[in-house]
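Here is what each chain is made of, one letter per residue.
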Amino acid sequence: MSITDAIEDVWQTFQMTMDALKVALRVVRRADLRLLRDTHFIDSVQPAIEVDVETCRKAASDHAILSMWAIFERRVIAKIAAESRKILDDPPSSFNCALFQKVEDAIEYWRTEEVLDLIKPLVGGHLVGDAKQIKKYRDWMAHKNPKKPSPANVTPEFAYQVLSELSRQLES
């Protein structure tokens with residue numbers, strides 16, 4: 001499965017989840033007890049359910065962004081590793097082999113901003129800037145450090161558009 005397809009799967013799952021939450025809320029508002037049977041909704045009051053659904057929407061958005069970012073980040077690392085392997089194409093010298101090994105061993109520990117800067121010549125500065133914005137939001141979301149202010153809000157739609165385009169460009 002290509003990275004673009006994997007990001008697309010996350011996007012489709014997110015959209016289905018949002019639609020399912022809309023439908024669930026409509027059913028709760030109608031108070032059709034037949035449809036609520038065997039769910040936690042049956043024992044809850046409508047205002048509490050609406051708060052819970054909103055919490056679920058936010059969590060689904062956060063999870064979609066986290067998932068898309070994780071998929072994309074793996075792809076970028078794989079792309080850089082593949083590019084660095086090219087130094088082994090022309091009968092490699094012992095230096096080329098050592099250099100390649102150093103890059104391959106260290107790439108997992110590079111700062112994401114540095115990795116993104118490396119792909120600028122392939123995808124352009126604007127997309128890399130957008131990716132850095134997503135990464136900043138992803139870090140804030142994952143760590144929720146109350147001492148740090150929240151960065152600009154990133155929506156799943158924005159993350160999908162940017163990361164899908166980056167992935168397409170990296171795959172071509």
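All of the points below concern the structure found in this document. (Residues numbered from 1 in each chain as written. Predicted model: local features only at pLDDT ≥ 70, side-chain atom pairs only at ≥ 80, totals over all residues. Heavy atoms only, no water.)

## Details of the nonpolar core
And then number 1: Counting 42 residues, the largest nonpolar core has M68, F72, I119, I134, L163 and L166 as the members making the most contacts within it.
And then number 2: Put simply, the parts of the chain that give this core at least two residues each are helix 1 (3-30), helix 3 (46-85), helix 5 (112-118), helix 7 (125-143) and helix 8 (156-171).
And then number 3: Here F72 is in contact with I3, I7, L116, I119, L163, L166, S167 and L170, once residues within four sequence places are set aside. (Core = buried A, V, L, I, M, F, W, Y, C linked by side-chain atoms within 4.5 Å. Buried < 20%, exposed > 50% of the residue type's maximum accessible area, 1.4 Å probe, protein only. Helix = DSSP H or I, 4+ residues; strand = E, 2+ residues; numbered from the N terminus. Contact = heavy atoms within 4.5 Å.)

## Description of the environment of A81
And then number 1: Looking at where A81 falls in the secondary structure, it is placed in helix 3.
And then number 2: C-alpha of A81 to C-alpha of I107: the two residues are 26 residues apart in sequence and 7.7 Å apart in space.
And then number 3: What A81 contacts, discounting residues up to four positions off in sequence, is F100 and I107.

## Here's the deal with the packing of aromatic side chains
And then number 1: Applying the stated rule across the entire model yields four aromatic pairs.
And then number 2: Taking 5.4 Å as the distance between ring centres and 55° as the angle between the ring planes, the aromatic pair formed by W69 and F72 counts as tilted. Note that W69 and F72 are positioned in helix 3 at a spacing of three residues, about one turn of the helix. Summarising the burial analysis for this pair, W69 and F72 share the class buried.
And then number 3: A connected cluster of aromatic rings, assembled from ring pairs, spans W11, F14 and Y160. (Phe/Tyr/Trp six-rings, centres within 6.5 Å; stacked < 30°, edge-to-face > 60°.)

## Quick look at the side chain of R75
And then number 1: Residue placement: R75 occurs in helix 3.
And then number 2: In this structure R75 touches I3, L170 and E171, once residues within four positions along its chain are discounted.

## Some details on the packing of helix 1 against helix 8
Packed helix pairs are characterised by how far apart their axes lie and by the angle those axes make with each other.
And then number 1: Where helix 1 meets helix 8, the closest approach of the two axes is 9 Å, and the angle between their N-to-C directions is 165°. Comparing the axis directions of helix 1 and helix 8 gives the class roughly antiparallel. You can see that helix 1 and helix 8 cross each other, and the crossing is left-handed. The residues of helix 8 that touch helix 1, namely those facing I3, T4, I7, E8, W11 and F14, are P156, E157, Y160, L163, S164, S167, R168 and E171.
And then number 2: For the contact of helix 1 with helix 8, the per-class residue count stands at seven nonpolar, three polar and four charged. (Axes fitted to C-alpha atoms, helices over the stretch in contact; angles between N-to-C directions. Parallel < 35°, antiparallel > 145°, perpendicular 65-115°, else oblique. Left-handed = near helix turned anticlockwise from the far one by under 90°. Nonpolar A, V, L, I, M, F, W, Y, C, P; charged D, E, K, R; others polar.)

## Considering helix 7
And then number 1: Relative to the 27 Å expected for 19 residues at 1.5 Å per residue, helix 7 spans 27 Å between its end C-alpha atoms, a close match to the ideal helical length.
And then number 2: Within helix 7, the full set of buried residues consists of L127, V128, D130, A131, I134, K135, Y137 and M141.
And then number 3: Where helix 7 is buried, its residues touch helix 3, helix 5, helix 6 (120-123) and helix 8.
And then number 4: Backbone geometry just after helix 7 places K144 at a positive phi near 40°. (Expected span 1.5 Å × (residues − 1).)

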